[in-house]
Amino acid sequence: MNLDVLGIDIGGTGIKGAPVNTKTGELIAERFRIPTPQNATPAAIADVVAQIARHFNWTGPIGCTVPARVEHGLVRTASNIHADWIDTQVEELFSNKTGCPTSVLNDADAAGVASITFGLGSSLTGLVFFITVGTGIGSAMFFNRVLIPGTELGHLRLKGDAAELYASDRARVKEDLSWKRWARRFQKYLDRLEFLFAPDHIIIGGGISRPSKVKSYSKYLATRAGLHFSLLENEAGIIGAACAAASNQKES
Ligand code: BGC
């Protein structure tokens, strides 16, 4: 069975794709990136997804991320994306536009799948949270390496509102917080997670997990759970989306 899948990661600033060998997690061609359209409606994004598929002359399966909750191919939330996404049948939309069978999952779930399959998560058992910190806060929950999809733990309440408004990287930049002040906020978020779920491990991903940034704030964080920083960052969404699509293909 052909296990090469085109992985596409839809982010706030760029939409990136590359074919992935889903057995090894390796990209089999150089990544191709197109800036996210200003008016990022489902139709505009679908056009870019189709452009990426054409760039690779792709005719096989596609795995794609979106920064929202996806239930059976249907987008349910739109905190950091265009409101038109709500109730979009995104798998159908992308499959029709590209002419390729397309599976879609949440961006944090995809990045978590990459980490748990090929990254540092692959050596961790028990309850593992993969938390992405960027524009928003995304979450992927694993128990003994099995994904429990669809968690939205960036929306836990902190200071009377969604935690991502207070402790994301966007909040740090917007409010011009020092690393120490931001880390104090993020620590509150981690405390809340630990109090509610008592995970064994927490892996931090997203833009904030770049080594150059980690060294500025990790000294201010303390958790009972093992705390780890993902290194797969740039490609995690692409790889995870491709792997999830490959397992969907096997099941069908
Ligand atoms: C969304 C999540 C997403 C996260 C990271 C949040 O605002 O609700 O679905 O995973 O941002 O992009």
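A short tour of the structure in this document, coming up. A quick note: this is a predicted structure, and the numbers were derived from the prediction, not measured. The residue count restarts for each chain, going from 1 along the sequence in the order it is written. Local features in a predicted model are, by the rule used here, given only for residues with pLDDT of at least 70; side-chain atom pairs are given and counted only at 80 or more, and totals for whole chains, interfaces and linings are based on all residues. Note that the side-chain values use all heavy atoms of the structure and ignore hydrogens as well as water.

## Observations regarding the site of the ligand
At step 1: Definition of nearness: a residue and a molecule or strand are near each other if at least one heavy atom of the residue lies within 4 Å of the molecule or strand. Neighbouring the ligand are 13 residues; Asn80, Asp107, Glu152, His155 and Glu164 lie closest to it.
At step 2: What qualifies as a polar contact is a pair of N or O atoms within 3.5 Å, subject to a donor-acceptor requirement within protein and to the restriction that residues adjacent in sequence count only when both atoms come from side chains. Side-chain polar atom of serine 79 to an oxygen atom of the ligand: 3.2 Å apart, as the coordinates give it.
At step 3: Histidine 155 places a side-chain nitrogen or oxygen 2.9 Å from an oxygen atom of the ligand.
At step 4: Residue-level accessible areas treat just the shown protein chains as cover; the underlying method is Shrake-Rupley with a 1.4 Å probe. For the ligand, whose accessible area on its own is 310 Å², the fraction buried by protein is 94%.
At step 5: The method works on a 1 Å grid over the protein atoms by themselves. A cavity is a set of points holding a 1.4 Å probe that cannot get out, a pocket is an open set with protein on both sides within 12 Å along at least five of seven lines, and residues with an atom within 4 Å of a point line them. To decide whether a molecule occupies a pocket or cavity, check its atoms: if more than half lie within 2 Å of the grid points, it is inside. If you map the ligand onto the pockets, it falls in the largest pocket.

## Brief notes about the layout of surface pockets
Over the atoms, a rolling probe the size of a water molecule traces out where space has been left empty.
At step 1: Grid points are joined across faces, edges and corners, and a volume is the space filled by probe spheres set on the points. The calculated volume of the largest pocket comes to roughly 1,200 Å³.
At step 2: If you trace the largest pocket, you find 50 residues lining it, with Gly11, Gly12, Asp107, Gly134 and Thr135 closest to the centre.
At step 3: A run of H or I in DSSP counts as a helix once it spans at least four residues, and a run of E counts as a strand once it spans at least two, with each numbered from the N terminus. Contributing elements (two or more residues each) for the lining of the largest pocket: β1 (4-10), β2 (14-21), α3 (107-118), β9 (127-133), β10 (137-143), α5 (169-174) and α8 (233-251).
At step 4: The biggest single contributor to the lining of the largest pocket is α8, with 4 residues.
At step 5: Class assignment of the residues belonging to the lining of the largest pocket gives a composition of 15 nonpolar, 23 polar and 12 charged.
At step 6: If you add up the space inside the second largest pocket, you get close to 570 Å³. Polar here means any residue outside two lists: the nonpolar Ala, Val, Leu, Ile, Met, Phe, Trp, Tyr, Cys and Pro, and the charged Asp, Glu, Lys and Arg; Gly therefore counts as polar.

## Thoughts on the side chain of threonine 102
At step 1: Of note, threonine 102 is situated in strand β8 (residues 102-106).
At step 2: Assessed through its relative accessible area of 6%, threonine 102 is described here as buried.
At step 3: A distance of 2.9 Å separates the side chain of threonine 102 from the backbone oxygen of cysteine 100, its partner in a polar contact. Whether a residue is buried, partly exposed or exposed follows from its accessible area with a 1.4 Å probe, protein chains only, as a fraction of its type maximum: under 20%, in between, or over 50%, in that order.

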